[in-house]
Amino acid sequence: MAGVNKVILLGNLGRDPEVRHLENGRAVANFSIATSETYKNKAGERVTNTEWHNVVLWTPLAEIAERFLKKGNQVYIEGKLTSRSYEDKEGITKYITEVVGREMTLVGPKPDSIETGSAPMATPSAAPVATPTVETSEEIDDLPF
């Protein structure tokens, strides 16, 4: 049986995306997203726990991120979790876990740098809202009791 590797994040950028353009023309963007949860501890105090996630986007999402994302923006990312290793400047092997984004939706107010009707941008779409059905007394006519 095949596994599932899917990550969904909705959070705020901790820094502007760092975008590199590779020799083959592809772009790669790296940034971090903060997600927070708030709860009450046993003493009744509100506690906020913030988790930081490293995100990697490839062309064309990297180019959209470079153009529209700034520190503090809220963004929705869907992707997969990956791990890799690299050597730092001292030659020590480091390990890192990242979310490789496959889909991105900008959330919140429209950035000032976007003009109406200009460049294509991933925008939040209105999700269909399920409306509950209410049965009337005429529909509940055949009750067994």
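Heads up: these notes are all about the structure in this document. (Residues numbered from 1 in each chain as written. Predicted model: local features only at pLDDT ≥ 70, side-chain atom pairs only at ≥ 80, totals over all residues. Heavy atoms only, no water.)

1. With respect to the pattern of salt bridges
A full pass over the atoms with the stated rule returns four salt bridges. We note a salt bridge from Arg15 to Glu18, for which the minimum N-O separation is 3.3 Å. The class of Arg15 is partly exposed, set by a relative accessible area of 29%. (Salt bridge = Lys/Arg side-chain N within 4 Å of Asp/Glu carboxyl O. Buried < 20%, exposed > 50% of the residue type's maximum accessible area, 1.4 Å probe, protein only.)

2. Concerning the side chain of Glu78
Note on placement: Glu78 falls in strand β5 (residues 74-87). Here Lys6 takes part through its side chain, which lies 3.2 Å from a polar atom of the side chain of Glu78. Those residues in contact with Glu78, other than ones at most four positions away along the chain, are Lys6, Val7, Ile8, Val100, Gly101, Arg102 and Glu103. (Helix = DSSP H or I, 4+ residues; strand = E, 2+ residues; numbered from the N terminus. Polar contact = N/O pair within 3.5 Å; in protein donor to acceptor, adjacent residues only side chain to side chain. Contact = heavy atoms within 4.5 Å.)

3. Description of the nonpolar core
One finds Phe31, Val55, Leu57, Leu69, Val75, Ile77 and Met104 to be the most contacted residues of the largest nonpolar core, which totals 20 residues. Broken down by secondary-structure element, the contributors of at least two residues to this core are β1 (7-13), β3 (27-40), β4 (46-58), α1 (61-68), β5 and β6 (93-107). Among the elements that take part in this core, α1 stands out by supplying five residues, more than any other. (Core = buried A, V, L, I, M, F, W, Y, C linked by side-chain atoms within 4.5 Å.)

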